[in-house]
Amino acid sequence: MNDNEILKKVNPLYFSAKGCLGLLAETGDLDIVNFYNSIDKEQLTAFDDNPIIKGRIISLEVRYHIWNVIAKETDCQTIVDLPCGYLPHSLITARLNKNYYGLDLPIVTDEISRVADKFLNEREKFFVQYHSVDATNYFSMHNALKDVQGKICIITDGLLGHFNCDDLKIFCGNIHRLLMKFGGCWYTTDSHFTALMSKTYAAITGKDEAIMSNATSKGRKKVGEFDKNETVFTNGTFEERRNFLEECGFTVESFRYPEKLKIIPSLKDNPTLMNKILAAYQDMEIWKLTADDTDLSENEIDLPFTQNLSVKDNILSIRISGRLDTITAPKLLQQYEEYQAENKFAEIHIDAAELSYISYAGLRVFKIMRESLDDENLFKIVNANDEVGEILKEDGYTIN
Ligand SMILES: C[S@@+](CC[C@H](N)C(=O)[O-])C[C@H]1O[C@@H](n2cnc3c(N)ncnc32)[C@H](O)[C@@H]1O
């Protein structure tokens, strides 16, 4: 496997962002179409012409423009697009003469930084940076923002619903720490993500909103692969989501979509439908969060990542320390592939005594290793701490 294939394997979620760009390209927005024509579409297929897809396109379009409105209105000079996916927000932000930091998984930033480069002029390039992060890894984000001066405005569109409970808490702790360090605020459209789609669908078709929410929940499970990550952002009420964020140390202020967005560009020739949809958004909110002084520093402790592989009698032994996440898992997969090319392993033993955290990316690597064995029961994990052990057990592993 080459580097790119390894990155794709450890976190296939990047592909959902390509889908978002593809759907948005249907609106005909020139920046979006330019970006879409420049990405590698991989297995992205043509979209069906049906009201579910139409509802998704319009709600994505609305969130895309809301993002742009927030970037314009904020008094912060630096906008952090987390996760940036493949959308052309960098162009919009640079045209506003504001600094743009696009943060996402390495597989995404590698490609999108090259695409953006084609469409930014020399002056605009000065404002734009892309960095690879794992949003659950504080140091990767801290590193990405190390040159920032002044307050930041982080905008999150399309991430919270992908996390499991642990990742969600870690992520919110990380954002809190960034805001304590830089000052500024965090906006997210994710609190009303699914509801916005359902309202759009119902306004277009006159049918029940539930048809759209059911379709979305099925799609989410397909894209995320794991179906156990039910959290307050996938199943909770708006109030539970707000309470959760307040418990994470944020003050939450809300804005309604129609306050911020007066037109939906792709529907400007159909004002009746446009107004019907905007009217359906009366209760739809965007949340602005600021960090209060709660000390959340317990989220800090992380050992540096190391991996030690050794082979004896067809047994591969691996000792891992630190965080096995989207940033570190590719290294483990790569070294494992190199060893595997020269050996046929009968057993794999993982010593997890110093493994402080494992994300989906790490679980995917374990799954690849386990499935490579003739007898999957001979994939053994020992010494995992309670938290890591819980996650591994949920994924069907026995910890010895
Ligand atoms: C639904 S897309 C949204 C992207 C973009 N905001 C948009 O609206 O198109 C989800 C994005 O989250 C990114 N992502 C998933 N897990 C992540 C993590 N742990 N750290 C950083 N980005 C992550 C994926 O790579 C993907 O680009």
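About the cut-offs
Residues numbered from 1 in each chain as written. Predicted model: local features only at pLDDT ≥ 70, side-chain atom pairs only at ≥ 80, totals over all residues. Helix = DSSP H or I, 4+ residues; strand = E, 2+ residues; numbered from the N terminus. Buried ≥ 20, exposed ≤ 12 C-beta atoms within 10 Å, placed from the backbone. Contact = placed C-beta atoms within 7 Å. Near = placed C-beta within 6 Å. Nonpolar A, V, L, I, M, F, W, Y, C, P; charged D, E, K, R; others polar. Pairing = 2+ DSSP bridges. Axes fitted to C-alpha atoms, helices over the stretch in contact; angles between N-to-C directions. Domains from an automatic or database assignment. Expected span 1.5 Å × (residues − 1). Arc of directions from axis to C-beta. Parallel < 35°, antiparallel > 145°, perpendicular 65-115°, else oblique. Left-handed = near helix turned anticlockwise from the far one by under 90°. Right-handed = clockwise from strand over helix to strand, strands pointing away. Core = buried A, V, L, I, M, F, W, Y, C linked by C-beta atoms within 7 Å.

A. Region of interest: the environment of S198. Relative to the assigned elements, S198 resides in helix 10 (residues 193-205). Of the residues examined, S198 has 23 C-beta atoms within 10 Å and is grouped as buried. Sequence-wise, S198 and E209 are 11 residues apart; in three dimensions their C-alpha atoms are separated by 4.7 Å. Ignoring sequence-local partners within four residues, the contact set of S198 consists of E209, M212 and S213.

B. Structural context of the site of the ligand. The environment of the ligand is formed by 20 residues, the closest being A17, P83, G85, A135 and G158. Of the residues forming the shell around the ligand, the biggest block, 4 residues, is contributed by helix 2 (residues 14-25). Residues of the shell around the ligand, tallied by class, amount to 11 nonpolar, 6 polar and 3 charged.

C. Quick peek at the sheet that holds strand 5 (residues 184-188). Here 7 strands make up an open sheet; going across it, the order is 3-2-1-4-5-7-6 and the pairing mixed. Two strands in the sheet have a free side with no partner beyond their single neighbour: strand 3 (128-132) and strand 6 (250-256). The average angle at which neighbouring strand axes cross in this sheet is 20°, direction not considered. Alignment of strand 1 (residues 78-81) against strand 2 (residues 99-104), held across 4 bridges, turns out to be parallel. Note on strand 2: the bridge partner recorded for I79 is Y100. Set on the sheet, helix 6 (residues 106-119) makes contact with strand 2 and strand 3; between it and strand 3 the angle comes to about 160°.

D. Summary view of the domain arrangement of the protein. Its domain assignment divides the protein into domain 1 (11-298) and domain 2 (301-394). The C-alpha centroid of domain 2 is placed 32 Å from the C-alpha centroid of domain 1. The partner domain 2 presents 9 residues to the 10 residues of domain 1 that form the contact. When grouped by side-chain class, the residues that make up the side of domain 1 that touches domain 2 number 2 nonpolar, 4 polar and 4 charged.

E. Quick look at the sheet that holds strand 8 (residues 306-312). An order of 8-9-10-11 is seen for the 4 strands of this open sheet, with the pairing classed as mixed. In the strand order of this sheet, the two ends are held by strand 8 and strand 11 (379-382), each with one partner. The mean inter-strand angle of the sheet, taken between neighbouring strand axes irrespective of direction, is 15°. As judged from the 4 bridges shared by strand 10 (residues 347-358) and strand 11, these two strands associate in the parallel manner. Bridge assignment links I350 to a residue of strand 11, and that residue is I381. Sheet strands touched by helix 17 (residues 360-371): strand 9 (315-324), strand 10 and strand 11. Its angle to strand 10, the strand with the most contacts, is close to 175°.

F. A look at helix 16 (residues 329-342). Its 14 residues place the ends of helix 16 21 Å apart at the C-alpha level, agreeing with the 20 Å of an ideal helix rising 1.5 Å per residue. Taken as a whole, helix 16 has its buried residues at A329, P330, L332, L333 and Y336. All buried residues of helix 16 lie within an arc of 155° about the axis, which places them on one face of the element. Every exposed residue of helix 16 that faces more than 90 degrees away from the buried side is listed here: E338, A341 and E342. Packed against the buried residues of helix 16 are helix 1 (3-10), strand 8, strand 9 and helix 17.

G. Local environment of the packing of helix 16 against helix 17. Running from N to C, helix 16 and helix 17 point in directions that differ by 15°, and their axes come no closer than 9 Å. Classified by the angle their axes make, helix 16 and helix 17 are roughly parallel. Crossing of helix 16 over helix 17 shows left-handed handedness. Of helix 17, the residues touching helix 16 (which contributes A329, L332, L333 and Y336) are A361, G362, V365, I368 and M369.

H. Spotlight on the packing of helix 2 against helix 4 (residues 51-73). The contact between helix 2 and helix 4 brings their axes to 9 Å, and the two run at 100°. Classed by the angle they form, the pair helix 2 and helix 4 counts as roughly perpendicular. On helix 4, the residues that touch C20, L23 and L24 of helix 2 are R56, I57, L60, E61 and Y64. Looking at the contact of helix 2 with helix 4 residue by residue, the classes come out as 6 nonpolar, no polar and 2 charged.

I. Structural view of the pairing of strand 5. Burial analysis of strand 5 places 5 of its 5 residues in the buried class, the great majority of the element. Here strand 5 shows no split at all, with G184, W186 and T188 on one side and C185 and Y187 on the other all buried. Note: strand 4 (residues 152-156) against strand 5, 5 bridges, orientation parallel. By the bridge assignment for strand 5, T156 is matched with T188. Handedness of the crossover joining strand 4 and strand 5 through helix 9 (residues 165-182): right-handed. Taken together, the 3 bridges between strand 5 and strand 7 (residues 285-291) define a ladder with antiparallel strand orientation. Counterpart to W186 in the pairing with strand 7 is L289.

J. Examining the nonpolar core more closely. Of all hydrophobic cores here, the largest spans 115 residues; its most connected members are L21, C153 and I154. Among the elements that take part in this core, helix 4 stands out by supplying 9 residues, more than any other. Viewed by domain, this core spans two of them, domain 1 (11-298) and domain 2 (301-394), each represented by three or more residues.

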